There are 2 protein chains.
Amino acid sequence: MGQINRELMRRDAPIGVFDSGVGGLTVAREIMRQIPNEKIIYFGDTARVPYGSKSRETVTRYAEQIVRFLRSFQVKTIVVACNTASAYAIHKLEQETDIPIIGVVKPGARTAINATRNGRIGVIATEATISSQMYTRYIRELNDGVTIYEKACPLFVPLVEEGLWEDPVTDEIARRYLTELIDIGIDTLILGCTHYPLIRSTLGRIIGKDVTLVNPAYETALELRQMLSDNDMLNQDPPGLGSNKYQFYVSDKAEKFVRFANSIIKYGILSAKTVNIEEV
Amino acid sequence: MGQINRELMRRDAPIGVFDSGVGGLTVAREIMRQIPNEKIIYFGDTARVPYGSKSRETVTRYAEQIVRFLRSFQVKTIVVACNTASAYAIHKLEQETDIPIIGVVKPGARTAINATRNGRIGVIATEATISSQMYTRYIRELNDGVTIYEKACPLFVPLVEEGLWEDPVTDEIARRYLTELIDIGIDTLILGCTHYPLIRSTLGRIIGKDVTLVNPAYETALELRQMLSDNDMLNQDPPGLGSNKYQFYVSDKAEKFVRFANSIIKYGILSAKTVNIEEV
């Protein structure tokens, strides 16, 4: 991590959270649950979604633009609530930034190691996250006795975005993607894309009840709380009324985003603002 | 159309063709077949694909950036080989540009009118193209006696991009999207997205052999040839060896693009160059 400048971390400052689109809302939701006093500025890059089929260079450039945008709100920390951006860009973002940056890959890797009993861990994610091999690398750093089986599942994001959360087509696609992981005998499966918790029950049904599903969103919120607590940076008081506790920004299609957001988060999101992220 | 400056249209200049990604290659393929003496500069916006779920403003901004890029090659005309960009941006592009701009929507609309016998035309396309209602508008302008039934099919693009051209899942999704069009009794179906010709046989099987499938790519190449001929701007001689007859540019993932392109176009595409389209 680059040199952290604690002067920049005001306790009552908001937390920046971003994703390529709506998937990161599953992480925002966990933060809202676990540290309800915190303010959040969420950015979803809906003009350039999805990231999962794009290259390291492109995803990193997009993430850097978004970090610049979030910093304009004097956020005290930034959560990269997107596995692809975490896998490709987090080292560079850490080097370039003087506030803490938290990704979703490391917390997910740690939980999986604690969960596995037979040492066989499966990872499902986008093409980009899988080809980065970041989960394998993090898990190996922590414990080189486990074996990791990675599998790209490129159709899950469009299926989730089309709302086919419970659908025979999603079942069939899940069966194709998961069969080899079942045959290998994994006992732990990391949901390595923030969209996947939304089809958790389908995935659980197909993979079988003996496999533990790891949702990195939960552990990421836990790590965030710990980091803020260690730095004495937790917000002590609930933000007052009218303080815009949760603010949402997108690069396109604000209305569609709000509809989707309200199906994930139960706080009654009224609006999202559109910004031209290329020119921020 | 804005004022066309014929001085800018050199006969041996290339034709610019663009799409959000690989779909427009079905249009480039038709141009290669029908006017084989022409040079082509193709741009696929693979860093920001897909366009079909994005807004008019965003798609128009992207199209304007690409037109600037293609003009740097002194192209004599530009083919918008993407239904979404044609539907959303073509009027603005025509106003802003002094070379001819050809979209895929108008030629497709014209062919459908000639093909229908019972006056019931179906259009399948991305969410964006359908919500623009451009097909309905063009068809009505030409013949207000026909009825048009439009249907957004958002999962077809990811299914095509994943290579599931012949697959039970694609059959099932096609059945869901097409059932209401079958029940209505359309006799003509416009494939209103440049990806769809790649699943033409699936679509034909599901919709039944009494329905005529209209592929706007074919008619667009025909219109292009006619326009060039009317302006005495057809290239008279085949480009010499080493003249880079077909050049491909993308905003991301050149290798993946080349693999896909070679499955569509049989000319043996060796390479594609990556450009940062946001900064052109």
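Residues numbered from 1 in each chain as written. Chains lettered and ligands numbered in written order. Predicted model: local features only at pLDDT ≥ 70, side-chain atom pairs only at ≥ 80, totals over all residues. Heavy atoms only, no water.

### Points about the overall build of chain A
Argument step 1. Broken down by element type, chain A carries 11 helices and 10 strands.
Argument step 2. The C-alpha atoms of chain A give a radius of gyration of 18 Å, which matches the 19 Å a tight globule of 280 residues would have.
Argument step 3. For the C-alpha atoms alone, the extent of chain A along its principal axes is close to 50 × 40 × 35 Å.
Argument step 4. Among the 280 residues that make up chain A, the fraction classed as buried is 62%.
Argument step 5. Relative to all contacts within chain A whose residues are 6 or more apart in sequence, the contacts with residues 24 or more apart total 78%.
Argument step 6. Looking at chain A as shown, the accessible area adds up to about 11100 Å², and 48% of this sits on carbon and sulfur atoms.
Argument step 7. One way to put it: in chain A the 33 positive side-chain charges average out to a point 2 Å from where the 34 negative ones average out. (Helix = DSSP H or I, 4+ residues; strand = E, 2+ residues; numbered from the N terminus. Rg over C-alpha atoms; globule rule 2.2 N^0.38 Å. Buried < 20%, exposed > 50% of the residue type's maximum accessible area, 1.4 Å probe, protein only. Contact = heavy atoms within 4.5 Å. Areas by Shrake-Rupley, 256 points an atom, 1.4 Å probe, with all protein chains shown as cover. Lys, Arg positive; Asp, Glu negative; His and termini not counted. Charge placed at Lys NZ, Arg CZ, Asp CG, Glu CD.)

### What about the interface of chain A and chain B?
Argument step 1. Chain A puts 31 residues into the contact, and the matching count from chain B is 31 residues.
Argument step 2. Roughly 2400 Å² is buried in total at the junction of chain A and chain B, and carbon and sulfur atoms are behind 47% of that figure.
Argument step 3. Between chain A and chain B we count 6 salt bridges in total.
Argument step 4. Between Glu-127 of chain A and Lys-256 of chain B there is a salt bridge whose closest N-O contact spans 3.3 Å.
Argument step 5. Across the chain A-chain B interface, the total number found is 18 residue pairs in polar contact (both at pLDDT 80 or more).
Argument step 6. Looking at the side of chain A that touches chain B element by element, the count peaks at 5 residues for helix α8 (residues 168–184) of chain A.
Argument step 7. Grouping the amino acids of the side of chain A that touches chain B by side-chain chemistry returns 12 nonpolar, 7 polar and 12 charged. (Buried area = accessible area lost by both parts, 1.4 Å probe. Salt bridge = Lys/Arg side-chain N within 4 Å of Asp/Glu carboxyl O. Polar contact = N/O pair within 3.5 Å; in protein donor to acceptor, adjacent residues only side chain to side chain. Nonpolar A, V, L, I, M, F, W, Y, C, P; charged D, E, K, R; others polar.)

### So, the environment of Ser-271 of chain A
Argument step 1. Its location among the elements puts Ser-271 of chain A in the loop between α11 (254–264) and β10 (273–274).
Argument step 2. Once you skip the residues sitting within four places of it in the chain, Ser-271 of chain A turns out to touch Phe-248 and Val-258 of chain A.

### Here's the deal with the sheet that holds strand β7 (residues 188–191) of chain A
Residue and element names in this part refer to chain A.
Argument step 1. One open sheet accounts for 4 strands, arranged β6-β5-β7-β8; its pairing is parallel. Each edge of the sheet is formed by a strand with only one pairing partner; in this case those strands are β6 (147–152) and β8 (212–214). Pairwise comparison of adjacent strand axes, ignoring direction, gives a mean angle of 25° for this sheet.
Argument step 2. Taken together, the 6 bridges between strand β5 (residues 120–125) and β6 define a ladder with parallel strand orientation. Residue pairing across strands places Val-123 opposite Glu-150, the latter belonging to β6. (Pairing = 2+ DSSP bridges. Axes fitted to C-alpha atoms, helices over the stretch in contact; angles between N-to-C directions.)

### Points about the side chain of Thr-77 of chain A
Argument step 1. Mapped onto the elements of the fold, Thr-77 of chain A is located in strand β3 (residues 77–80).
Argument step 2. At 2.8 Å, the side chain of Thr-77 of chain A forms a polar contact with the backbone oxygen of Pro-100 of chain A.

### Some details on the relation of the copies chain A and chain B
Argument step 1. Of the transformation superimposing chain A on chain B, the axial component is 0.0 Å and the angular component is 180°, with the fit at an RMSD of 0.0 Å. These values place the two chain copies in the arrangement generated by a two-fold rotation axis. Residue Arg-48 of chain A, judged by its C-alpha, is the member of chain A lying nearest the rotation axis, at 2.4 Å.
Argument step 2. Mapped onto chain B, 100% of the interface residues of chain A are again interface residues, and the two copies thus contact each other with one and the same surface. (Least-squares fit on C-alpha atoms with pLDDT ≥ 70 in both.)

### Here's the deal with helix α10 (residues 216–230) of chain B
Residue and element names in this part refer to chain B.
Argument step 1. The terminal C-alpha atoms of α10, which comprises 15 residues, lie 21 Å apart, in line with the 21 Å expected from a rise of 1.5 Å per residue.
Argument step 2. Of the positions making up α10, those classed as buried are Pro-216, Ala-217, Glu-219, Thr-220, Ala-221, Leu-224, Met-227 and Leu-228.
Argument step 3. Looking at the residues trailing α10, positive phi occurs at Asp-232, about 55°. (Expected span 1.5 Å × (residues − 1).)

### Quick word on the packing of helix α2 (residues 56–71) of chain B against helix α3 (residues 83–96) of chain B
Residues and elements named next belong to chain B.
Argument step 1. Following both chains from N to C, one finds α2 and α3 inclined at 55°, their axes separated by 9 Å at the closest point. On the basis of the axis angle, α2 is oblique to α3. In the packing of α2 onto α3, the handedness of the crossing is right-handed. Mapping the contact onto sequence places Arg-56, Val-59, Thr-60, Ala-63, Glu-64 and Val-67 in α2 and Thr-84, Ala-85, Ala-87, Tyr-88, Ala-89, Lys-92, Leu-93 and Glu-96 in α3.
Argument step 2. Here the residues of the contact of α2 with α3 sort into 8 nonpolar, 2 polar and 4 charged. (Parallel < 35°, antiparallel > 145°, perpendicular 65-115°, else oblique. Left-handed = near helix turned anticlockwise from the far one by under 90°.)

### Points about the pattern of salt bridges
Argument step 1. Inspection of the entire model under this criterion finds 36 salt bridges over all chains.
Argument step 2. Between Glu-166 of chain B and Arg-205 of chain B there is a salt bridge; the shortest N-O distance is 3.1 Å. Placement of the pair is Glu-166 of chain B in the loop between α7 (156–161) and α8 (168–184) and Arg-205 of chain B in helix α9 (residues 200–207), with a sequence separation of 39 residues.
Argument step 3. By relative accessible area, Arg-205 of chain B is classed as partly exposed at 45%.
Argument step 4. A salt bridge links Glu-172 of chain B to Arg-175 of chain B; the shortest N-O distance between them is 3.4 Å. Here Glu-172 of chain B and its partner Arg-175 of chain B are both found in helix α8, 3 residues apart, which amounts to about one turn of the helix.
Argument step 5. The exposure class assigned to Glu-172 of chain B is partly exposed, which follows from its relative accessible area of 27%.
Argument step 6. Members of the salt-bridge network, linked through shared partners, are Asp-167 of chain A together with Glu-172, Arg-175 and Arg-176 of chain B.

### Some remarks on the sheet that holds strand β1 (residues 15–19) of chain A
Residues and elements named next belong to chain A.
Argument step 1. Within the open sheet, the 6 strands sit side by side as β4-β3-β1-β2-β9-β10. Their pairing is parallel. Only two strands of the sheet have a single partner each, and these edge strands are β4 (101–103) and β10.
Argument step 2. Direction of pairing for β1 relative to strand β2 (residues 40–44): parallel, over a ladder of 5 bridges. Its bridge partner being in β2, Phe-18 is matched across the sheet by Phe-43.
Argument step 3. Running over the sheet, helix α2 (residues 56–71) touches β1, β2, β3 and β9 (246–250) and is turned about 150° from β1.

### Let's talk about unusual backbone geometry
Residues and elements named next belong to chain A.
Argument step 1. With an omega dihedral of -5°, the bond running from Val-49 to Pro-50 counts as a cis peptide bond.
Argument step 2. Here Pro-50 is to be found in the loop between β2 and α2.
Argument step 3. Its identity is not glycine, yet Gln-74 carries a phi of approximately 55°, on the positive side.
Argument step 4. As for its placement among the helices and strands, Gln-74 is situated in the loop between α2 and β3.
Argument step 5. Here Gln-74 falls in the exposed class, since its relative accessible area comes to 52%.

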